[in-house]
Every structure is written in structure tokens, then in C-alpha cells.
Amino acid sequence: MHQDFDREVLSRLPLAEAVLSLWLFVCDDDHLDLLYDRHRGGTYEKKITFPLMVQLVRDALLQPDGSGHQSFRHARAEGLLNAALSSAYEKLAHLPPAVSEAFLAAGADRLRQVLPDAPALADPLPASLQGFEVLVLDGKVVKRVPRRLKPARQRKGGLLGGKGLAALHVRSGLILALATDPDGEANDARLVPDLLPQARSRVPGPRLWVADRQFCDLIQTAAFTAAEGDHFLVRYHSKVHFCPDPTRPVQQGQDGQGRTYEEEWGWLGREGNEQRRYVRRIRLHRPGEEDILLVTDLLGADSYPAEDLLVLYLSRWGIERVFQQITEVFHLNRLIATTPQGTLFQLSFCLLLYDMIQVVRGYVAMGQQRAVETISTELLFIDVSKQLVALNELVEAEGVVALLPTAASAATLRKKLGRLLGSVWSECWVKASPKKRKAPAPKKGKRDHTSVFRLLQTHRQNKDTPNST
């Protein structure tokens, strides 16, 4: 009788059942144990296993208030956590960054196996670029670290956790890879050599790398094109000299909004520099705003029209929207951890949650035969959270586990997700019409930020230095 009640509750909460089914497929205990063993380095497990740590963080981030303390206390009350609360924080604080990187990448690999069939969703790329796998790169630093660590308590200004450089796969909408640095003040370009091999091992070529102006130099463009068939589209930075080709005239045109653009060909890098390369530069004039200058090694204006490249680059801010959503929607602004390693794991975790909601959104869009981008990730996740809370209140954890066996295969899970989400719909999930973005207000002075990593480094050095007499 009790099981009948549990089954009836679950049948009325399809979003919760879909997300938990995804979770069991992506993060089953055997998979997490193997992942941790491969990437743990010198760390080890005692009472708190890595799968348990993942469950504790999941329960915290899927709650409306995102409280780690409440999650840990609840786990102790339920008998899941047989250690002190401080031990849970310690475990999170010392998770190696390699574990965080692998957690996201392996999870994204599994999620890609259960994406809706490609024909069901429109290709988001312009027609001339559909032969490429487009990957957008951008960095994210974890901010607003709580001042719980002793070296940080008296420090004025903001505290930074670790930094991650993420790769967004445009066609699937998933973050596929993450390279990390415990120093939040590290330059994003330092992480490119670690990120590109991760992404290349997961996405077959030819690839088109899209990035902001900080990646516009001869070193990064060489890295982007190191694999056969790979190309780049980056915003131009004046730190790199551009030498126009006098034999090729400047061409002009208009984009879809009637704005004028110019394109010219030439060399990136000064004469005599062995790394200089021949590129095409596109300048889009935006009345009242800064011009956009792009450089690319896709030289053919007929094969790869400037309008298509501009549309693709201007959609690059989508990865910044991802970072905004994981901060505001998935509780990256409410940090459980205070160490650089702990903040990087929460960053990785939030990115994986974002990827899961994209899979759910894809099935909802397919069922409604509407474009994915018309469905709000934030509003959909709010309803997912509500259903998970309701399930947690009405059905005991053991009952949920009994009703949700791990899917035998990706094909089985795809069928289940199609059945659960094919007819689920709420007008509340419709994304509002895009508004013209206002120019950011000028900053009042420079805000003081310090990375926790550097504070801890200084603290350790001072402790190791003998007192002078």
C-alpha cells in the first residue's frame, strides 16, 4: 500500500522523475568511485566516500536555499553521514581540481548519449558553418567566497575562489570540458593548453573555436589550429599588430540589422615574426556602441560569409548567460566551500546541473515541437526544484530508490525521458522576448579582489618563515 502511494506521487512529478533518472545514469556510485580513484592524487577516503560527497552537494544545490549545512545535518539525521559535519566540509575543501574537471567532463559525456535525436531539434549554426563543431571558450572565476578561513577574515574587498575555463559545445548546448586553476586571479589563457585536449578528445573535427579578445594572440591562435581542420574566430585585440594586404581590396556589406561591416585580409603579427599568420579581419560598425573587430583564418568570403561569422560571434555571449544562470539559478552565489579546491568542485557541479537541465529542456522542446531557445532554463529549473522538494517531503529516500532503478542503457533512458517529458508543458516556461541590452554603467573606481589561494600561500609562507630577532 505504501509503495502504491509512492508510485502515485512519482507519477505526478514527471520533472523530478526525469532529473533523478538522469542523475542515476550520470552519477551512479560505481562510476563515481572509478572516477575518484583515477584522479584523486594523494587524497583518500575514510567515512565519507566521493559518491556520498556528491550526494550531499546535490541535495544542497537542488534545494531552493542552496544550504550545505542543512544538507549535511539532514544526512546525519537520516544516518547517511556517519561523520562530523566538519568532516564533510574538510572533504569538500580538499577535493583535487583534477577530480572536479573529470566530474564535469565524464558527466557531460554521459549526458550527450541521451540527448534528443538531432533531427528533432534545429541546428543552431548558420548554414555555412554547419560543417564545423563550434566550441566557445570563456573563463569563470568563483566570487564572494565566505570569510571562514582565518587568513581571509580581516581581508577587505572581495574574495575569489578558483578559476575555470569552460568549453561550450554550441550544437548540443552543453558545457563539455573545464580546465581549472586554484588561483582566481590567473589569466584565462594559461588554461588553454589544458582545455583544448579535453575538448578535442570529446568532439571530432573539424572544429571552430570561438573566443573573446583576450585569446587573440599568436600563441593561442596557433593552439586553436594545431589539430588538422581546426579554425578560429576571435575578437581582435590591439596588442597584436595587424598588417593589411595591399593586394586585396577592402569589401563592405550590411548585416541582418542593416549595420555596415568591412572585411579585409592581412597578417596577424609584425613582419619578421615567424608565428605571424594570414587572416581575415571583419569590422562591424554599431552606432552608439563600440565597433566589433573579429579575426579568423576562414579566409573565403563566399564560403564563409561575414554575416554568418558575425551572427556566430554575437551569440558567444550565450556562455556568459550560462555563467550568470549557474550563479543565480544553481546557487553558485551561495558557496558551500571556502577553499579554492572546494569552490572549483561547486563550479563543476553547477555546470553539470546546467547540462542536465539542457537535456530536460531539449525533450520538452521536442515534445512541444518548438525551438529550444524559446524555453527558459531558469523558469524550468524552478519547477524542477519544486517537484524535487515535493518528492522529498512525500516519499522517503528508500522509496524513491526502489522506484527509480538505473537505466540499463542510454537508449532505454532516451525512451523514458521522451515518455515523461513529451507531454509536459507550462506557459510559465516561455522565455521573455529579448530586450536590447543596456550599456554597462561605468564602474566607480576599481574594486579590490583577492584570491583565497594567494592569501593561503602568503599565510603558509609567513608561518614557515622564522621570526627575525
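Residues numbered from 1 in each chain as written. Predicted model: local features only at pLDDT ≥ 70, side-chain atom pairs only at ≥ 80, totals over all residues. Heavy atoms only, no water.

S.K.: For the overall build of the protein, give the residues involved together with the corresponding values.
M.R.: From N to C terminus, the protein includes 16 helices and 12 strands. Relative to the compact-globule value of 23 Å for 469 residues, the protein shows a C-alpha radius of gyration of 24 Å, a close match. The principal-axis extent of the C-alpha atoms belonging to the protein is close to 80 × 75 × 40 Å. The buried share of the protein, taken over its 469 residues, is 51%. Just so you have it, the protein exposes about 23200 Å², and 49% of that area is on carbon and sulfur atoms. Here the protein holds 61 positive side-chain charges and 55 negative ones, and the gap between their average locations is 6 Å. (Helix = DSSP H or I, 4+ residues; strand = E, 2+ residues; numbered from the N terminus. Rg over C-alpha atoms; globule rule 2.2 N^0.38 Å. Buried < 20%, exposed > 50% of the residue type's maximum accessible area, 1.4 Å probe, protein only. Areas by Shrake-Rupley, 256 points an atom, 1.4 Å probe, with all protein chains shown as cover. Lys, Arg positive; Asp, Glu negative; His and termini not counted. Charge placed at Lys NZ, Arg CZ, Asp CG, Glu CD.)

S.K.: I'd like a rundown of empty space enclosed by the protein, residues and numbers included.
M.R.: Here the structure, examined in full by the defined rule, presents one cavity of 30 Å³ or more. Taken together, Val19, Leu62, Phe330, Leu353, Met356, Ile357 and Phe381 make up the full set of residues lining the largest cavity. Split into classes, the residues belonging to the lining of the largest cavity amount to seven nonpolar, no polar and no charged. (1 Å grid on protein atoms, 1.4 Å probe; cavity = no way out; pocket = protein on both sides within 12 Å on 5 of 7 lines; lining within 4 Å. Points joined across faces, edges and corners; volume = space filled by probe spheres on them. Nonpolar A, V, L, I, M, F, W, Y, C, P; charged D, E, K, R; others polar.)

S.K.: Can you tell me about a negative patch on the surface, naming the residues and giving the values?
M.R.: Judged by side-chain charge, Asp29, Asp30, Asp33 and Glu45 come together as a negatively charged surface patch. Assignment of secondary structure puts aspartate 33 in helix α3 (residues 29-39). On the basis of relative accessible area, aspartate 33 is assigned to the partly exposed category, the value being 35%. (Patch = residues over 30% accessible without salt bridge, like charges linked within 9 Å, V, L, I, M, F, W, Y side chains within 5 Å. Salt bridge = Lys/Arg side-chain N within 4 Å of Asp/Glu carboxyl O.)

S.K.: Give me the lowdown on helix α15 (residues 410-421), citing residues and values where you can.
M.R.: If you check α15, its first and last C-alpha atoms are 16 Å apart, about what 12 residues at 1.5 Å a residue would give, namely 16 Å. Buried within α15 we find Ala410, Leu413, Lys416, Leu417, Leu420 and Leu421. Considered in projection along α15, the buried side chains sweep an arc of 120° and stay on one side of the axis. Turned more than 90 degrees away from the buried face of α15, the exposed residues are Lys415 and Arg419. Those residues of α15 hidden inside the fold are in contact with α2 (14-26), α7 (97-113) and α12 (340-368). (Expected span 1.5 Å × (residues − 1). Arc of directions from axis to C-beta. Contact = heavy atoms within 4.5 Å.)

S.K.: Go over the nonpolar core with me, naming the residues and quoting the values.
M.R.: Counting 145 residues, the largest nonpolar core has Phe50 and Phe224 as the members making the most contacts within it. Sorting elements by how many residues they give to this core places α12 first, with 16 residues. Leave out the neighbours within four places in its chain, and phenylalanine 224 touches Leu137, Val192, Leu196, Arg200, Trp209, Ala211, Phe215, Asp230, Phe232 and Val234. (Core = buried A, V, L, I, M, F, W, Y, C linked by side-chain atoms within 4.5 Å.)

S.K.: Lay out the layout of surface pockets with the relevant residues and their values.
M.R.: Empty pockets left among the atoms are what a rolling probe the size of a water molecule brings to light. Approximately 1300 Å³ is the volume attributed to the second largest pocket. Contributing to the lining of the second largest pocket are 40 residues, with Gln55, Arg58, Asp59, Leu80 and Ala397 lying nearest its centre. Contributions of two or more residues to the lining of the second largest pocket are made by α2, α3, α4 (50-61), α5 (68-77), α13 (377-394) and α14 (397-403). Per element, the largest residue contribution to the lining of the second largest pocket is eight residues, and it comes from α4. Considered class by class, the residues forming the lining of the second largest pocket number 22 nonpolar, nine polar and nine charged.

S.K.: Residues and numbers for the packing of aromatic side chains, please.
M.R.: How two aromatic rings sit relative to each other is given by the distance of their centres and the angle of their planes. Evaluated as defined, the whole model comprises 12 aromatic pairs. Plain terms: the ring middles of phenylalanine 132 and tyrosine 304 are 5.9 Å apart, the flat faces sit at 45° to each other, and that makes the pair tilted. Here phenylalanine 132 is found in the loop between α7 and β1 (133-141), whereas its partner tyrosine 304 is found in the loop between β11 (292-296) and α10 (306-314), with 172 residues between them in sequence. On the basis of an interplanar angle of 90° and a centroid distance of 5.8 Å, the ring pair of tryptophan 425 and tryptophan 429 is categorised as edge-to-face. Owing to a relative accessible area of 23%, tryptophan 425 belongs among the partly exposed residues under this scheme. In this structure tryptophan 429 comes out as buried when scored by relative accessible area, which is 3%. Within the aromatic cluster, the residues linked to one another by ring pairs are Trp23, Tyr36, Phe50, Phe103, Phe345 and Phe349. When the ring centre of tyrosine 236 is taken as reference, the NZ or CZ atom of arginine 281 above it lies at 5.0 Å. (Phe/Tyr/Trp six-rings, centres within 6.5 Å; stacked < 30°, edge-to-face > 60°. Lys NZ or Arg CZ within 6 Å of the ring centre and 35° of its normal.)

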